[in-house]
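Structural characterization, general
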Amino acid sequence: MLAWVRVGGVQAQLLTYNGLFPGPVIRIREGERLRLRFTNRLQEPTNLHFHGMHIDPAVDNPFLEIPPGESLVYEFVVPEGSAGLFWYHPHVHGLLARQLFAGLAGAIVVEGPADATPELRAAEEHVIVLKDLSLRDGRPEPHKATDWADGKEGEMVLVNGRAQPVLDVTRPLLRLRFVNASNARFYKLKLEGHPWHLIGTDGGLIEKPVAYDELILVPGERADVLVRLERQGEFRLLNVPYSRGGVPGITEPQPLMTLRATTAGRAVKLPERLVTLERLASASAVTRSITFGMFLINGLPFDPQRVDFIGQLGDVEVWEIGSVGDMDHPFHIHTYSFQVLSRNGVPEPFVAWRDTIDLRPRDVVRVALPLRGFAGRTVFHCHIAEHADRGMMAVLEVRPGRQATPIEQPRNGQSGHGQPKEDHR
Ligand code: C2O
Ligand code: CU
């Protein structure tokens, strides 16, 4: 719904879920059933996408449009073993970028048994939605022509809807769970005086903490980190410059928020082992080659009527995902999570479940993608929202039987499809 909210110190009229920006955090446990009645009070169609969750594509359906004034019940069981941090946002093709920029996004926390690890229970947990926004006359700034190429970034970089908030931290161990819910802004996060201890990626916990000085978070991506506060005092969370290829960005570190620590905990223990993850073998029935180019995937713009790839339920496919051109593109797939096997030939240092990864110019990332749990038709796309709207999206159909005939649709290097079907300018 359209609502007035206080954002970055000013009043603004945004698109909201339940009048809140960002939307309310949905907390649920593995195995529980979520039943959500969704009413569209916008003047245009919208829908909900549960980004990263392992849900039947018939429920988390990117082809569905809910007309203005109508309601729909979204109902599904959160699978066992799927604890992690996810998020929800609209997904109507052609309207995604505008609706997301205008405020429609919220976090979903799925709790599971590993969250009861004593070290994690001792940590002070905060969910942090990173989202940028520009306002004109108290409303989200309309897209400019260049935004449809570069992806739209907002001048205000907000932490849970607030500009440079101060967070009082009262425990010596902090668990920060970041969601990048921005249309196109990449974050390279640094905390003054402290390393990050990464404990989880898009798809939940990793086996043991991995230390980083800086953490890159591309649109759509999540990170779960621990911070052991070294001493009392104030520490700024900074967004440091990152070049995403030809797009002008910040040139100086930009403060996002301040942590005010009232206790220190150099003696606090980090967990040694969090979970045991399955390691996917790279041997597979199907290897596919996917190439992202400006507004095209494998040379074609999105067509919701066309099935681009057909897979078989139960297969573990290997995808070689590459990118041409000179801009970063975050690859994202619905329903099925994957493990990165290698990047540009370099094996991935640890096992992690992901649904969103950055493709830098000329990268080739090899991933293992198990098509498990649900058959059906869904999408993968670039998570720069403007790029998705302009056609950097493709359809994957997973078929239940092994008998189904064609493995892949014939493709004929069609040309003349470089323009979006609709003019968004
Ligand atoms: Cu977060 Cu298909 O999207
Ligand atoms: Cu892109």
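Below or above, wherever it landed, is the structure these notes cover. All values derive from a computational prediction rather than experimental measurement.

Reading the values: the criteria
Residues numbered from 1 in each chain as written. Chains lettered and ligands numbered in written order. Predicted model: local features only at pLDDT ≥ 70, side-chain atom pairs only at ≥ 80, totals over all residues. Heavy atoms only, no water. Helix = DSSP H or I, 4+ residues; strand = E, 2+ residues; numbered from the N terminus. Rg over C-alpha atoms; globule rule 2.2 N^0.38 Å. Buried < 20%, exposed > 50% of the residue type's maximum accessible area, 1.4 Å probe, protein only. Contact = heavy atoms within 4.5 Å. Areas by Shrake-Rupley, 256 points an atom, 1.4 Å probe, with all protein chains shown as cover. Phe/Tyr/Trp six-rings, centres within 6.5 Å; stacked < 30°, edge-to-face > 60°. Lys NZ or Arg CZ within 6 Å of the ring centre and 35° of its normal. Pairing = 2+ DSSP bridges. Donors = N, O, S within 2.8 Å, 3.2 Å for Na, K, Ca; no water. Axes fitted to C-alpha atoms, helices over the stretch in contact; angles between N-to-C directions. Core = buried A, V, L, I, M, F, W, Y, C linked by side-chain atoms within 4.5 Å. Polar contact = N/O pair within 3.5 Å; in protein donor to acceptor, adjacent residues only side chain to side chain.

Across its full length, the protein chain carries four helices and 32 strands. By the compact-globule yardstick of 22 Å for 425 residues, the protein chain fits well, its C-alpha radius of gyration being 21 Å. Along the three orthogonal principal directions, the C-alpha set of the protein chain runs to about 65 × 50 × 45 Å. By the burial criterion, 57% of the 425 residues in the protein chain qualify as buried. Sequence separation of at least 24 residues holds for 77% of the intrachain contacts in the protein chain that already meet a minimum separation of 6. A total of about 17200 Å² of accessible surface is found on the protein chain, and carbon and sulfur atoms cover 51% of it.

Let us look at the packing of aromatic side chains. In total, this model carries 14 aromatic pairs according to the counting rule given. With centroids separated by 4.9 Å and ring planes inclined at 70°, the aromatic side chains of F50 and F76 adopt a geometry described as edge-to-face. Placement of F50 in strand β5 (residues 49-51) and of F76 in strand β6 (residues 71-77) is noted, with a sequence separation of 26 residues between them. The same class applies to F50 as to F76, namely buried. A network of ring pairs unites the aromatic residues Y17, F38, F50, Y74, F76 and Y88 as a single cluster. The ring of F101 carries K152 above its face, with NZ or CZ at 5.1 Å from the centroid. Above the face of the F295 ring, R390 is positioned so that its terminal group lies 3.8 Å from the ring centre.

What follows concerns the sheet that holds strand β28 (residues 346-347). Within a sheet, each strand pairs with its neighbour through backbone hydrogen bonds, oriented either parallel or antiparallel. Strands sit in the order β23-β22-β25-β30-β27-β28 across an open sheet of six strands; the sheet is mixed. A single partner strand is all that each edge strand has here, and the edge strands are β23 (296-297) and β28. Bridge count for strand β22 (residues 287-293) against strand β25 (residues 316-323) is six bridges, and the pairing is parallel. Bridge pairing in β25 links T287 to V318.

Turning our attention to the coordination of the copper ion (ligand 2). Every protein donor of the copper ion (ligand 2) is accounted for by H329 (ND1), C382 (SG) and H387 (ND1), and the metal-donor separations fall at 2.0 to 2.1 Å. For the copper ion (ligand 2), all donor residues lie on one chain, and their spacing in sequence is H-x52-C-x4-H. Judged by relative accessible area, H387 falls into the buried class, the value being 0%.

The next point concerns unusual backbone geometry. Here the residue pair F21 and P22 is connected by a cis peptide bond, since its omega of -15° sits within 30 degrees of zero. Among the secondary structure elements, P22 is positioned in the loop between β2 (10-15) and β3 (23-29). One non-glycine residue, N18, lies in the positive phi region at around 55°. With respect to the helices and strands, the residue N18 is situated in the loop between β2 and β3. Of note, D137 is a non-glycine position whose phi angle comes to about 55°, a positive value.

For the rest of this paragraph, the subject is the sheet that holds strand β24 (residues 309-312). Sheet architecture is open: five strands sit in the order β24-β32-β31-β26-β29, paired in mixed fashion. At either margin of the open sheet sits one strand with a lone partner, and together these are β24 and β29 (356-359). When strand polarity is set aside, the average angle formed by the axes of neighbouring strands in this sheet is 25°. In this structure, β24 lies alongside strand β32 (residues 393-399), joined through four bridges in parallel fashion. Bridged to F309 within β32 is L396.

What follows concerns the nonpolar core. One finds L130, F178, L189, W196, L215, L237 and L256 to be the most contacted residues of the largest nonpolar core, which totals 29 residues. Among the elements that line this core, the one with the most residues is strand β21 (residues 254-261), at four residues. Judged by nonpolar contacts, the second largest core, of 28 residues, contains Y336, L359, L369 and F380.

Attention now goes to the pairing of strand β27 (residues 339-343). Across four bridges, the pairing between β27 and strand β30 (residues 364-370) is antiparallel. Bridging across to β30, S342 finds its partner in R366. In this structure, β27 lies alongside β28, joined through two bridges in antiparallel fashion. Residue pairing for β28: S342 is matched across the bridge by P347. Where β27 folds back onto β28 in an antiparallel hairpin, the turn is made up of two residues, including N344, whose phi is positive at roughly 50°.

Within the secondary structure, H91 is located in the loop between β7 (84-89) and α1 (96-101). Of the polar contacts made by the side chain of H91, one reaches the side chain of H334; its length is 3.1 Å. Leaving out residues up to four positions away in the same chain, H91 has contacts with N47, H49, P62, H334, V379, H381 and M393.

Okay, the environment of N183 next. Looking at the secondary structure, you find N183 in the loop between β14 (173-180) and β15 (187-191). Residue N183 is classed as buried on the basis of its relative accessible area, which comes to 0%. As for N183 and K152, which are separated by 31 residues in sequence, their C-alpha atoms are 6.2 Å apart. Once residues within four sequence positions are removed from consideration, N183 is found in contact with A97, L100, F101, K131, D132, H143, K152, P219, H383, I384, A385 and E386. A distance of 3.3 Å separates a polar atom in the side chain of N183 from the backbone nitrogen of F101.

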